[in-house]
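# Structure at a glance
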Amino acid sequence: MSIKKNNDGLAEVLRALQQEEVIAYPTEAVFGLGCDPDSEKAVNALLALKQRPWQKGLILIAASYEQLKPYVDDSALSDLQRETIFSCWPGPVTWVIPARVDTPHWLTGDFDSLAVRVSDHPLVQQLCLQYGKPVVSTSANLSGLEPCRTEEEVRTQFGPSLPVLLGKVGGRLKPSEIRDALTGKQFRQG
């Protein structure tokens, strides 16, 4: 795969995000489906495509903690909690942090918290830096099917028209670990 082709893929997915469309992109373990977190239209399209109820809430993936601050209540975290979170980032640990009161319900679902991660995947970093904010992240798979690990699998499950950021997933075999930022409790093993 040439670098130009990869850059063309980035331009295509950035345009799609700006037009409130759903995209697919490689993460640490599997391809993710994503969209602009501030667009209710885009999130609803993602939920419909994924066949996922909005009540479950979603994950935001970002290039830095600064990109996540508009969505999480940083003041709810102690210095020690922040230190614990930052010791895992960038990396494959998703933290559930209290959400800001103005964080859209289409992101938090039935919760007053939000699951967030600063990824160490170079293409996710590039995507979020170029877009200037986090993107929604949920595994790219239809209900009942295995998560996609290649562009070909994404095309097979979702068709040829879904914009895909070309690249390889990282070497992880399991999705990210999910932990509660306030208690340290593990919700999903990574």
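The structure presented is a predicted model; accordingly, all values stated were derived computationally and were not measured.

Let's shift gears to the packing of aromatic side chains. For the coordinates displayed, the defined rule picks out two aromatic pairs. Consider the rings of Tyr 65 and Phe 86, whose centres lie 5.0 Å apart with planes at 70 degrees: the pair is edge-to-face. Of this pair, Tyr 65 sits in helix 3 (residues 65-68) while Phe 86 is found in helix 4 (residues 79-88), placing the two residues 21 residues apart along the sequence. Residue Phe 86 is classed as partly exposed on the basis of its relative accessible area, which comes to 36%. Note on Tyr 65 and Trp 89: the rings are 6.2 Å apart at their centroids and 40 degrees apart in plane angle, and the pair reads as tilted.

Residue Pro 90 follows Trp 89 across a cis peptide bond; omega there is -10 degrees. Within the secondary structure, Pro 90 sits in the loop between helix 4 and strand 4 (93-98). Its identity is not glycine, yet Glu 20 carries a phi of approximately 60 degrees, on the positive side. For Glu 20, a relative accessible area of 32% translates into the label partly exposed. Phi is positive for Gln 51, close to 60 degrees, though the residue is something other than glycine. The residue Gln 51 is located in the loop between helix 2 (40-50) and strand 3 (59-62) in this model.

The rules behind each value
- One numbering rule holds for all chains: residues counted from 1, following each sequence as written.
- Restriction of local features to residues with pLDDT of at least 70 applies here, the model being predicted, together with a cutoff of 80 or more for giving and counting side-chain atom pairs; totals for whole chains, interfaces and linings are based on all residues.
- Side-chain figures throughout are based on the complete set of non-hydrogen atoms in the structure, without hydrogens or water.
- Ring geometry is summarised as follows: Phe, Tyr and Trp rings, the Trp one being its six-membered ring, pair when their centres sit within 6.5 Å, and such pairs are stacked at plane angles under 30 degrees, edge-to-face over 60 and tilted between the two.
- Numbering goes from the N terminus for both helices and strands, where a helix is a DSSP run of H or I of at least four residues and a strand is a run of E of at least two.
- When accessible area is computed with a 1.4 Å probe and restricted to protein chains, residues below 20% of their type maximum are described as buried, those above 50% as exposed, and intermediate ones as partly exposed.

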